[in-house]
Amino acid sequence: MEPIRELVLEGVGVSFGDAAALRDFTLSVEPGERVAVIGASGAGKSTLFRALTRSVALSGGTVTIRGRDLYELSKKGLRDLRRRIGTIYQAYNLVPQLPAGVNVALGEVGGMKSGRALRTFLAGPDAALAKRIRGALEEVELSDFAGTRTADLSGGQQQRVAVARLLVQRPEIILADEPFAAVDPVTTEKVLEALLALNDAGATLLANMHDVDLARRFPRVVALREGGVHYDGPPEHLTESKLAEIYRVDPHNETKPVPEEQQSVRHCMEDPMIRLTEGRDGVSAH
């Protein structure tokens, strides 16, 4: 019997108005893989991740995660699946008014029933969860900032809080969308080390990035161009000529990248506690 693949996109299309963000997109990822996704701005990298969390409508194709059609799942099935997927974004998706430690706790709270989640917010985490929160903050070198309001932290510190949240969540799949774009080289290394440690522990890791040198540290690189896969293979075969093709501007292509703020997302009725604890900042399911 053929093993079930972690992620499979077959013939996926996503459009925003007249602009196609993904075109007949096909990709499969095995459990535990470590994949870097590169490409010019507007190539479809962020839209790919939004398709993998069912945060955009498809114009065609299918997305399956561990053999389950993502876009056919019930509300409960989608919520259960999302709790197994950890996300980290350039915008961090933290709750700025809450202390760093509480934001880290959200990695676990997302898997709790509403009653226990509410008690955690009101009375604080139990001893076991508190220990995991301390350990996660220590791992990203923020142990002294558990009680600091997240809005008062620097961008790099907030990025590390988001990683600590993943460490507490212990997801099976990690989608890291430009996690290094707004942080300094030292923070980049800390964030990368934490993500690689989660991958070494068994989590499947997909990371969007602009830095090709960082991408070369992954055993598999997928390069997007104009909404499709232009290269898929090991970093040693990613030659300078291939990179030039990937990042080349097509003067005959009149399709402009779709600004993030114009990428409309249909919202469904959803438990607001779940949206908060999953760290999804105004993005809900279709």
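Residues numbered from 1 in each chain as written. Predicted model: local features only at pLDDT ≥ 70, side-chain atom pairs only at ≥ 80, totals over all residues. Heavy atoms only, no water.

**Description of the overall build of the protein**
Then step 1. Regarding its fold elements, the protein presents 10 helices and 10 strands.
Then step 2. The 286 residues of the protein split such that 50% are buried.
Then step 3. When contacts within the protein are restricted to residue pairs at least 6 apart in sequence, those whose partners lie at least 24 apart make up 68%.
Then step 4. In the form shown here, the protein has an accessible surface area of approximately 13500 Å², with 51% of it arising from carbon and sulfur atoms. (Helix = DSSP H or I, 4+ residues; strand = E, 2+ residues; numbered from the N terminus. Buried < 20%, exposed > 50% of the residue type's maximum accessible area, 1.4 Å probe, protein only. Contact = heavy atoms within 4.5 Å. Areas by Shrake-Rupley, 256 points an atom, 1.4 Å probe, with all protein chains shown as cover.)

**Let's talk about the nonpolar core**
Note on soluble globular proteins: their nonpolar side chains tend to be buried together.
Then step 1. Ranked by internal contacts, the top residues of the largest apolar core, which has 46 residues, are I38, V104, F180, L195, M209, F218 and L238.
Then step 2. If you tally residues by element for this core, the top one is helix 6 (residues 155–169), at 7 residues.
Then step 3. Once residues within four sequence positions are removed from consideration, F218 is found in contact with R34, V35, A36, L192, L196, L205, A207, M209 and P235.
Then step 4. Core analysis: the second largest hydrophobic core is formed by 31 residues, V29, L48, A51 and I85 among them. (Core = buried A, V, L, I, M, F, W, Y, C linked by side-chain atoms within 4.5 Å.)

**Things to note about the pairing of strand 4 (residues 60–65)**
Then step 1. Relative to strand 4, strand 1 (residues 7–16) runs antiparallel, the two being bridged by 5 bridges. Pairing of L7 across the sheet is with I65, part of strand 4.
Then step 2. For strand 4 and strand 5 (residues 68–69), the ladder comprises 2 bridges, and the chain directions are antiparallel. Residue pairing in the sheet places I65 in a bridge with R68 of strand 5. (Pairing = 2+ DSSP bridges.)

**Focus on the packing of helix 5 (residues 127–139) against helix 6**
Then step 1. Two elements in contact, helix 5 and helix 6, have axes separated by 9 Å at closest approach and are oriented at 135°. The angle between the axes of helix 5 and helix 6 places the two elements in the oblique class. The hand of the helix 5/helix 6 crossing is right-handed. In this structure, helix 5 uses L129, R132, I133, A136, L137 and E139 to contact helix 6, whose residues at the interface are A164, L167, V168 and Q169. (Axes fitted to C-alpha atoms, helices over the stretch in contact; angles between N-to-C directions. Parallel < 35°, antiparallel > 145°, perpendicular 65-115°, else oblique. Left-handed = near helix turned anticlockwise from the far one by under 90°.)

**Points about helix 7 (residues 185–200)**
Then step 1. In a regular helix each residue adds 1.5 Å, so 16 residues correspond to 22 Å; helix 7 covers 22 Å between its end C-alpha atoms and thus fits that length.
Then step 2. Of all the positions in helix 7, only T187, T188, V191, L192, A194, L195, L196, L198 and N199 are classed as buried.
Then step 3. Buried residues along helix 7 sit in contact with strand 3 (34–39), helix 6, strand 7 (173–177), strand 8 (204–208) and helix 8 (212–215).
Then step 4. Capping the start of helix 7, D184 holds a side-chain oxygen 3.0 Å from the backbone nitrogen of V186, two or three residues further along.
Then step 5. With its phi angle positive at about 125°, G202 sits one or two positions after the end of helix 7. (Expected span 1.5 Å × (residues − 1). Polar contact = N/O pair within 3.5 Å; in protein donor to acceptor, adjacent residues only side chain to side chain.)

**Notes on the pattern of salt bridges**
Then step 1. Here the structure, examined in full by the defined rule, presents 14 salt bridges.
Then step 2. For E33, the salt bridge is made with R220, and the minimal N-O distance between the two is 2.9 Å. Residue E33 is located in the loop between strand 2 (19–29) and strand 3, and its partner R220 is located in strand 9 (residues 220–225); the two are separated by 187 residues in the primary sequence.
Then step 3. Notably, a salt bridge pairs R66 with E172, separated by 2.8 Å at the nearest N-O pair. You can see R66 sitting in the loop between strand 4 and strand 5 and its partner E172 sitting in the loop between helix 6 and strand 7, a full 106 residues away along the chain.
Then step 4. The structure contains a network of salt bridges with shared partners spanning E6, R66, R84 and E172. (Salt bridge = Lys/Arg side-chain N within 4 Å of Asp/Glu carboxyl O.)

**Some remarks on the pairing of strand 9**
Then step 1. Of all 6 residues in strand 9, 6 are buried; the element is thus mostly enclosed.
Then step 2. Residues R220, V222 and L224 of strand 9 are buried on one face, and the alternating residues V221, A223 and R225, pointing to the opposite face, are buried as well.
Then step 3. Bridge analysis of strand 3 against strand 9 gives 5 bridges, and the strand direction is parallel. Note that in strand 9 the partner of V37 across the bridge is V222.
Then step 4. As consecutive antiparallel partners, strand 9 and strand 10 (residues 228–233) are separated by 2 residues, and within that stretch E226 has a phi angle of approximately 50°, a positive value.

**Quick look at unusual backbone geometry**
Then step 1. A positive phi angle, close to 50°, is found at R66, a residue other than glycine.
Then step 2. You can call R66 partly exposed: its relative accessible area is 32%.
Then step 3. Look at E141: it is not a glycine, yet its phi comes out positive at around 60°.
Then step 4. Here E141 shows up in the loop between helix 5 and helix 6.
Then step 5. You can call E141 exposed: its relative accessible area is 51%.

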